[in-house]
Amino acid sequence: MPEQEYNLQGADPMLPRFLRVRRAVVETHDTITLELDDSNAAPQFAPGQFNMLYLFGAGEVAISISGPPDDRQTLVHTIRGVGAVTGPILQLRRGAILGVRGPYGSAWPLHEVSNGGRDLLLMAGGIGLAPLRPVIYEVLRRRREFGNLTILYGARTPADLLYRGELAQWRMFPGVSVKLIVDRAAGVWSGRIGVITDLLRTVQFDPAETIAMICGPEVMMRFAYHELVRRGLAAERIYMSMERNMKCAVGWCGHCQLSPFFICKDGPVFRADRIQPLLATREL
Ligand SMILES: Cc1cc2nc3c(=O)[nH]c(=O)nc-3n(C[C@H](O)[C@H](O)[C@H](O)COP(=O)(O)OP(=O)(O)OC[C@H]3O[C@@H](n4cnc5c(N)ncnc54)[C@H](O)[C@@H]3O)c2cc1C
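Residues numbered from 1 in each chain as written. Predicted model: local features only at pLDDT ≥ 70, side-chain atom pairs only at ≥ 80, totals over all residues. Heavy atoms only, no water.

Our focus in this paragraph is the side chain of threonine 31. Inspection of the secondary structure puts threonine 31 in strand S2 (residues 31-37). Reaching out from threonine 31, the side chain makes a polar contact with the side chain of aspartate 30 at a distance of 2.9 Å. (Helix = DSSP H or I, 4+ residues; strand = E, 2+ residues; numbered from the N terminus. Polar contact = N/O pair within 3.5 Å; in protein donor to acceptor, adjacent residues only side chain to side chain.)

Printed below as a string of structure tokens:
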């Protein structure tokens, strides 16, 4: 079927566009990065936003956009296979078709960092590096507008680290520091072992000049938040990206409701002082 016949985009936010996989990069044993050909009608996205990816016969899932925001030809997603939809997505290769609707949701507040050339502290756990990667691309592209960039990244094992080639490249930029930590390691790993708050203790930052952005499992974000506050960073300078079970992505179905918020519309990126009290409430 010709490519344009797949393009069903209309005003209906529930209708996907159908895009072809241009390249599939196997990142780890359970994670893949798909580069989709979006050269026809790529809508602009802001770092932190997500798309709904639809796989025929399997279903639809929310996945952050993990590629460069200035690339209007390619749409990039990094997917960890955990279940009924993401599992089969892991098997997709060049030429496969995926439905895409979006972009949706709130963005990381990069303007707050570039305004005055503040420092940026990123803390990512596991697949949480994916929604922060567009931030890194943007800061490196507009390097002079930002102060120091510190990337703290934790994974379960060295083999679970994403974007390994890029991690090495990013730390070559002036004013950029990349620090890694893993939960456990066997063999040749000479880096740190522990949790991401251990890494934070090795970093100096000026609370008056720093904005922090955190993405990872909720428990990791909670501990990271408390450690940042303990180190003097105001809660209004901390942002985190939330994940909840999501179906419609446009605030109709209520699946992703977290007390007064719909994660899909009000988030996924929240200022920490708005969301933190809810994270501390059990069963929410
Ligand atoms: C805004 C937003 C952005 C997201 N961005 C990404 C992204 O960039 N990359 C990505 O891989 N995922 C991302 N996710 C998570 C992704 O949507 C889920 O992993 C996906 O919906 C799981 O669907 P499934 O049908 O494959 O699994 P299901 O069959 O629904 O779940 C199977 C099992 O996996 C568990 N599970 C579900 N989600 C997760 C998870 N995130 N981690 C561990 N276990 C889980 C379930 O509890 C269940 O036990 C994002 C979610 C949101 C809300």
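This part is about the nonpolar core. Core analysis: the biggest nonpolar cluster contains 38 residues, and Met123, Ile214 and Leu228 have the highest contact counts within it. With 5 residues, helix H6 (residues 218-230) is the largest single contributor of residues to this core. For this core, the domains that each give at least three residues are domain 1 (3-104) and domain 2 (110-279). Beyond its immediate stretch of four places on either side in the chain, methionine 123 contacts Leu132, Leu152, Ile196, Leu200, Met213, Ile214, Cys215, Met220, Ala224 and Leu228. The next biggest cluster of nonpolar side chains, apart from the first, holds 31 residues, and it includes Ala124, Leu161, Cys215 and Tyr239. (Core = buried A, V, L, I, M, F, W, Y, C linked by side-chain atoms within 4.5 Å. Buried < 20%, exposed > 50% of the residue type's maximum accessible area, 1.4 Å probe, protein only. Domains from an automatic or database assignment. Contact = heavy atoms within 4.5 Å.)

Within the open sheet, the 6 strands sit side by side as S4-S3-S6-S1-S2-S5. Their pairing is antiparallel. At either end of the open sheet lies a strand with only one pairing partner, and these are strand S4 (59-64) and strand S5 (74-80). Averaged over all neighbouring strand pairs, the angle between strand axes comes to 40 degrees, with direction disregarded. Of the pairings in the sheet, the one linking strand S1 (residues 17-28) to strand S6 (residues 97-104) comprises 4 bridges and is antiparallel in character. The partner of arginine 20 across the bridge, within S6, is isoleucine 97. (Pairing = 2+ DSSP bridges. Axes fitted to C-alpha atoms, helices over the stretch in contact; angles between N-to-C directions.)

Where interface size is quoted, it is often the accessible area lost as the parts come together. As far as domains go, the protein chain holds domain 1 (3-104) and domain 2 (110-279). A straight line from the C-alpha centre of domain 1 to that of domain 2 covers 22 Å. Contact residues are listed per partner, giving 28 residues for domain 1 and 26 residues for domain 2. A buried area of about 2,000 Å², summed over both sides, lies between domain 1 and domain 2, and 66% of it is on carbon and sulfur atoms. Together, Glu27, Pro47 and Phe50 form the three largest contributors to the area buried by domain 1 at its contact with domain 2, with a combined 20%. Along the contact surface separating domain 1 from domain 2 lie 2 salt bridges. In this structure, arginine 156 engages aspartate 30 in a salt bridge whose closest nitrogen and oxygen atoms are separated by 3.3 Å. Here domain 1 and domain 2 share 6 residue pairs in polar contact (both at pLDDT 80 or more) between them. For the side of domain 1 that touches domain 2, the elements supplying multiple residues, two or more each, are S1, S2, strand S3 (50-55), S4, S5 and S6. The element contributing the most residues to the side of domain 1 that touches domain 2 is S5, with 4 residues. (Buried area = accessible area lost by both parts, 1.4 Å probe. Salt bridge = Lys/Arg side-chain N within 4 Å of Asp/Glu carboxyl O.)

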